[in-house]
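Spelled out, the chains give:
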Amino acid sequence: MTSTFNEIPKAYIIDKLTHQKTYLLNGELIEWTGNTSDIYSTISSTEEYKPTLLGSIPVLTEKEALLALDAASDAFGKGKGLWPTMKVADRISCMEKFVTQMKTKRDEVVKLLMWEIGKNLSDSEKEFDRTVEYIYDTIEDYKEMDRNSAKFEKHSGVRAHIRRGPLGVVLCLGPYNYPLNETFALLIPALIMGNTAIFKPAKYGVLLLSPLIEAFQNSFPKGVVNILFGRGRTVATPIMKDGRVDVLALIGHSNSANALQDIHPKSNRLRMVLGLEANNPAIVLPDADLELTIKECVNGTTSFNGQRCTALKVLYVHENIIEDFNKRFCEAIDALKFGNPWDNGVQLTPLPEPDKPNYIQELIDDSIAQGAKIINKKGGLRTENYIFPAVMYPAKNEMRVCEEEQFGPIIPIIPFKNIEEPLDDMASSNYGQQVSLFGKDINTLAPLIDTLVNLVCRVNLNSSCQRGPDVYPFTGRKDSAVATLSVHDALRSFSIRTFVASKDNEYNNNILKELLDSRASNFVSTDYLL
Ligand code: G3H
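Residues numbered from 1 in each chain as written. Predicted model: local features only at pLDDT ≥ 70, side-chain atom pairs only at ≥ 80, totals over all residues. Heavy atoms only, no water.

### Focus: helix α7 (residues 210-219)
Piece 1. Among the ten residues that make up α7, seven are buried, leaving the element largely enclosed by the rest of the structure.
Piece 2. The set of residues buried in α7 consists of S210, P211, L212, I213, A215, F216 and S219. (Buried < 20%, exposed > 50% of the residue type's maximum accessible area, 1.4 Å probe, protein only. Helix = DSSP H or I, 4+ residues; strand = E, 2+ residues; numbered from the N terminus.)

### Examining the pairing of strand β14 (residues 314-318)
Piece 1. Among the five residues in β14, five count as buried, and that is most of the element.
Piece 2. For the crossover from strand β13 (residues 281-284) across helix α10 (residues 290-302) to β14, the handedness is right-handed.
Piece 3. Relative to strand β19 (residues 410-416), β14 runs parallel, the two sharing four bridges. Within β19, the position partnered with Y316 by the bridge is I414. (Right-handed = clockwise from strand over helix to strand, strands pointing away. Pairing = 2+ DSSP bridges.)

### Points about the packing of α10 against helix α11 (residues 322-334)
Piece 1. Between α10 and α11, the least distance of the axes is 10 Å, while the angle of their chain directions is 50°. Here α11 runs oblique to α10, going by the angle between their axes. Here α10 runs over α11; the crossing is right-handed. Taking contact as the criterion, the partners of L290, E291, T293, I294, C297, V298, T301 and T302 in α10 are, on α11, D324, F325, R328, F329, A332 and I333.
Piece 2. Residue composition of the contact of α10 with α11, by class: eight nonpolar, three polar and three charged. (Axes fitted to C-alpha atoms, helices over the stretch in contact; angles between N-to-C directions. Parallel < 35°, antiparallel > 145°, perpendicular 65-115°, else oblique. Left-handed = near helix turned anticlockwise from the far one by under 90°. Contact = heavy atoms within 4.5 Å. Nonpolar A, V, L, I, M, F, W, Y, C, P; charged D, E, K, R; others polar.)

### Quick word on the pairing of strand β22 (residues 458-461)
Piece 1. Residues R458 and N460 line the buried face of β22, whereas the alternating positions V459 and L461 sit on a face that is not buried.
Piece 2. The parallel pair strand β21 (residues 434-438) and β22, bridged by helix α15 (residues 442-452), forms a crossover whose chirality is right-handed.

### Brief notes about the packing of aromatic side chains
Piece 1. The tally for this structure, following the rule as stated, stands at 13 aromatic pairs.
Piece 2. Centre to centre, the rings of Y23 and W32 are 6.2 Å apart; their planes meet at 80°, and the pair counts as edge-to-face.
Piece 3. Residue Y23 is classed as buried on the basis of its relative accessible area of 5%.
Piece 4. On the accessibility criterion, W32 (17% relative accessible area) is buried.
Piece 5. Ring-pair connections join several aromatic residues into one group, and the members of that group are W83, F98, F184, F216 and F220.
Piece 6. Looking at K119, its charged tip hangs above the ring of Y178, at a distance of 3.7 Å from the centre. (Phe/Tyr/Trp six-rings, centres within 6.5 Å; stacked < 30°, edge-to-face > 60°. Lys NZ or Arg CZ within 6 Å of the ring centre and 35° of its normal.)

### Topic: the layout of surface pockets
Piece 1. By volume, the second largest pocket is sized at about 910 Å³.
Piece 2. Lining the second largest pocket are 46 residues, and of these D123, K126, Y178, N299 and S303 sit closest to its centre.
Piece 3. Sorting the residues of the lining of the second largest pocket by element identifies α5 (121-149), α6 (181-192) and α10 as the ones contributing at least two each.
Piece 4. Sort the elements by how many residues they give to the lining of the second largest pocket and α5 lands first, with nine residues.
Piece 5. The class makeup of the residues in the lining of the second largest pocket is 17 nonpolar, 15 polar and 14 charged. (1 Å grid on protein atoms, 1.4 Å probe; cavity = no way out; pocket = protein on both sides within 12 Å on 5 of 7 lines; lining within 4 Å. Points joined across faces, edges and corners; volume = space filled by probe spheres on them.)

### Here's the deal with the site of the ligand
Piece 1. Close to the ligand lie R130, N177, Y178, E182, R308, C309, T310, Q466, R467 and F474, which account for all nearby residues.
Piece 2. The separation between an oxygen atom of the ligand and a polar side-chain atom of R130 is 2.9 Å.
Piece 3. Note that an oxygen atom of the ligand is positioned 2.7 Å from one of the backbone N or O atoms of C309.
Piece 4. If the ligand stood free it would expose 300 Å²; the protein chains cover 96% of that surface.
Piece 5. Mapping the ligand onto the cavity grids shows that it belongs to the second largest pocket.
Piece 6. A class-by-class count of the residues in the shell around the ligand yields three nonpolar, three polar and four charged. (Near = heavy atom within 4 Å. Polar contact = N/O pair within 3.5 Å; in protein donor to acceptor, adjacent residues only side chain to side chain. Areas by Shrake-Rupley, 256 points an atom, 1.4 Å probe, with all protein chains shown as cover. Sits in = over half its atoms within 2 Å of the grid points.)

### Description of the pattern of salt bridges
Piece 1. Under the counting rule described, the total for this entry stands at 23 salt bridges.
Piece 2. E182 is the salt-bridge partner of R467, the closest N and O atoms lying 2.5 Å from each other. With a gap of 285 residues between them, R467 in the loop between β22 and β23 (477-478) and E182 in helix α6 connect regions that are remote in the sequence. In this pair, the class of R467 matches that of E182, namely buried.
Piece 3. For K313, the salt bridge goes to E405, with nearest N and O atoms at 2.9 Å. With a gap of 92 residues between them, K313 in the loop between α10 and β14 and E405 in the loop between α13 (400-403) and β19 connect regions that are remote in the sequence. (Salt bridge = Lys/Arg side-chain N within 4 Å of Asp/Glu carboxyl O.)

### Here's the deal with the sheet that holds β14
Two orientations exist for strands paired in a sheet by backbone hydrogen bonds: parallel and antiparallel.
Piece 1. The strand order across the open sheet formed by seven strands is β15-β18-β19-β14-β13-β21-β22, and the pairing between neighbours is mixed. The sheet is open, and its two borders are formed by β15 (373-374) and β22, each paired with just one other strand.
Piece 2. Relative to strand β18 (residues 390-393), helix α12 (residues 356-369) is tilted by about 20°, and along the sheet it contacts β15, β18 and β19.
Piece 3. Sheet contacts for α15: β13, β21 and β22; angle to β21, the most-contacted strand, approximately 175°.

### Topic: the sheet that holds strand β5 (residues 51-58)
Piece 1. With mixed pairing, the three strands of this open sheet are ordered in space as β1-β5-β4. Strand pairing shows two members of the sheet lacking a second neighbour, β1 (18-19) and β4 (36-44), which therefore form its edges.
Piece 2. Relative to β5, β4 is paired through seven bridges, and the arrangement is antiparallel. Bridge pairing in β5 places S37 opposite I57.
Piece 3. On the sheet, helix α4 (residues 106-117) packs against β1, β4 and β5 and is oriented at approximately 85° with respect to β4.

### Overview of the packing of helix α3 (residues 88-103) against α5
Piece 1. Contact geometry for α3 and α5: axes closest at 11 Å, N-to-C directions at 170°. In terms of orientation, α3 lies roughly antiparallel with respect to α5. For the crossing formed where α3 meets α5, the hand is left-handed. Listed contacts from α5 to V88, R91, I92, M95, E96, F98, V99, M102 and K103 of α3 are F128, T131, V132, I135, Y136, I139, Y142, K143 and D146.
Piece 2. Looking at the contact of α3 with α5 residue by residue, the classes come out as twelve nonpolar, one polar and five charged.

Any functional reading would require information that these geometric values do not contain.
So this is what it looks like as structure tokens:
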């Protein structure tokens, strides 16, 4: 495989650098005059390979981090702030204002997604559109939640008006593989429920937020959203140490989540909404439809180069069909096209982390040292910014590629004779997000499904693992997640049930009636939100 430099279409040429010179603090875009960090793409703009400079971001310090915490904390005002006490309809208006502006930035964001993280054009567009849809779905779901709460109930002589209220200040940290979608899948529900937030983008996929920063500034009251740039350790550590963060919302690695959780002085107060690593397996039974299975396994292992928490990270294939499976799977992998994100029909694209090809090579070397071979022709071929997916066979659990979440282009295949082998591996694994199960005979599938649903949180029958559609619960067991993130569940994860109760007597009932008639309270309301 050689480098596939093609001329870059005019629309995608980096003709202007994005120097993010401000950060969003307490409703102001503050000019930063301190240290900055250049942002490079691993994609070359010239035939002779050279990373492309895209722009720069501020490298903020502990001081700005704590000022952002002050701002978010003041905006929440210990529950007395404007935002947490606002009418639901008014918070929704702010969100609608934001999404309307966001939609106008599609082209800029998509272009930066491609350059910053190497995601191909159609997936970058999908990420943007899916996020916009997520925001609209969240608004609709919140309205429905509000309608369902717009009532009183009475038990044992006590009347209650029960709603969901915000939790407080949220520190929001997203991942580089979905820098827009997954970050917003945390931030948007957190905000709409009345929480205030401090948000720091991931290391890669940061400039793509620049086109949206003004929309954040002019859509929400001051201090509700604060956007910081810089190193996670410098910025997130002091914020967590301070103790005023009520929710840590993070999609990333459990090492970061644990480190941040551990330094919070009041761990009992801290809520966690975490999407962490996973090692989703595919189990291919002897009666599986191989054409369909291979298509799904190729997609599941290589979509965005395997840099998805939901990617298939290991394939368990029954020994009766392994020869046929391996041959056809390898042919399909080798037929995948590598190129730049905007190239036509490209499935494999440059890796955004410059060190990733070397890391994948280490995993290949370790597997080979433990008895596996690369069984596809192109496996392990290198360019300056890529390493072609290597299919490693026969793999075994002791190999690093099976123990670590590779999050990149390497695919271990483990043969099995007895179904208990993959089940035992899954049971002893630290992860428990999803599984793909390929087969047809319901007498075999039924007991397997009954067990698998207790090992993971989604069993994908004859299809690869995935998060979407976003209305379905996205979560995991063991080290894979804390809390659930569907459109609906996320609203619950970022809120708590809170209510007004009163003894059912004339005195109280008159007060309630007056409260409702006057519309003086934003909480006590039976208005039907259209
Ligand atoms: O990185 C993990 C993502 O949540 C995966 O989402 O299945 O839509 O690619 P996806």
